[in-house]
Amino acid sequence: MRISIIIPVYNGGETLDRCLRSIADQRFGDYQVIIVNDGSTKDNTAEIADEYAAKYPGQCVAVHKENGGHGDAVMHGLMNATGLYFKVVDSDDWVDEEALKKVLDFLRAHKDD
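Just so it is clear, the structure is predicted and the values come from calculations on it, not from any experiment.

Counting through the fold element by element, phenylalanine 86 comes out in strand E4 (residues 85-88). Among the residues examined, phenylalanine 86 registers a relative accessible area of 45% and is labelled partly exposed. In contact with phenylalanine 86, not counting residues within four places along its chain, are Ile3, Ser4, Ile6 and Leu78.

Put into structure tokens, the structure is as follows:
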């Protein structure tokens, strides 16, 4: 069961690396990370997104688009999602491995409900 984690980001280079490390270092199963660079111009957001996409090909995708706001960035992430489920994580946040594992365990146990 694949989950797509969408990270909409606008000029969030200061915190994006920490967010991505919190996901990339985990071993909770089949997942995809979609970084949606929402027209960042004032920092290295685009470079960080491309770096992770190159480091984790097939698992991490960088989408670059003109600025359209948070909701538009989430929608672009959904258009690129391949998971059965999705989770939005803001670039200034991180993912706790135990919390996400509990959610995924619950979804696996109830997938046929």
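You can see isoleucine 7 is positioned in strand E1 (residues 3-9). Separated by 36 residues in the primary sequence, isoleucine 7 and aspartate 43 place their C-alpha atoms 16 Å from one another. Not counting residues up to four positions away in its chain, the partners in contact with isoleucine 7 are Leu16, Cys19, Leu20, Ile23, Val33, Ile34, Ile35, Val36, Val89, Asp90 and Ser91.

Taken together, the side chains of Asp25, Asp96, Glu97 and Glu98 make up a negatively charged region of the molecular surface. If you trace the backbone, aspartate 25 turns up in the loop between helix H1 (13-24) and strand E2 (31-38).

Turning next to the pattern of salt bridges. Overall, the coordinates contain six salt bridges when judged by the stated rule. Linking lysine 65 and aspartate 38 is a salt bridge whose minimum nitrogen-to-oxygen distance equals 2.5 Å. Here lysine 65 is found in strand E3 (residues 60-65), whereas its partner aspartate 38 is found in strand E2, with 27 residues between them in sequence. Using a relative accessible area of 12% as the deciding quantity, one classes lysine 65 as buried. Taking relative accessible area as the criterion, aspartate 38 reaches 3% and is therefore assigned buried.

Conventions adopted
- Residues numbered from 1 in each chain as written.
- Predicted model: local features only at pLDDT ≥ 70, side-chain atom pairs only at ≥ 80, totals over all residues.
- Heavy atoms only, no water.
- Helix = DSSP H or I, 4+ residues; strand = E, 2+ residues; numbered from the N terminus.
- Buried < 20%, exposed > 50% of the residue type's maximum accessible area, 1.4 Å probe, protein only.
- Contact = heavy atoms within 4.5 Å.
- Patch = residues over 30% accessible without salt bridge, like charges linked within 9 Å, V, L, I, M, F, W, Y side chains within 5 Å.
- Areas by Shrake-Rupley, 256 points an atom, 1.4 Å probe, with all protein chains shown as cover.
- Salt bridge = Lys/Arg side-chain N within 4 Å of Asp/Glu carboxyl O.
- Lys, Arg positive; Asp, Glu negative; His and termini not counted.
- Charge placed at Lys NZ, Arg CZ, Asp CG, Glu CD.

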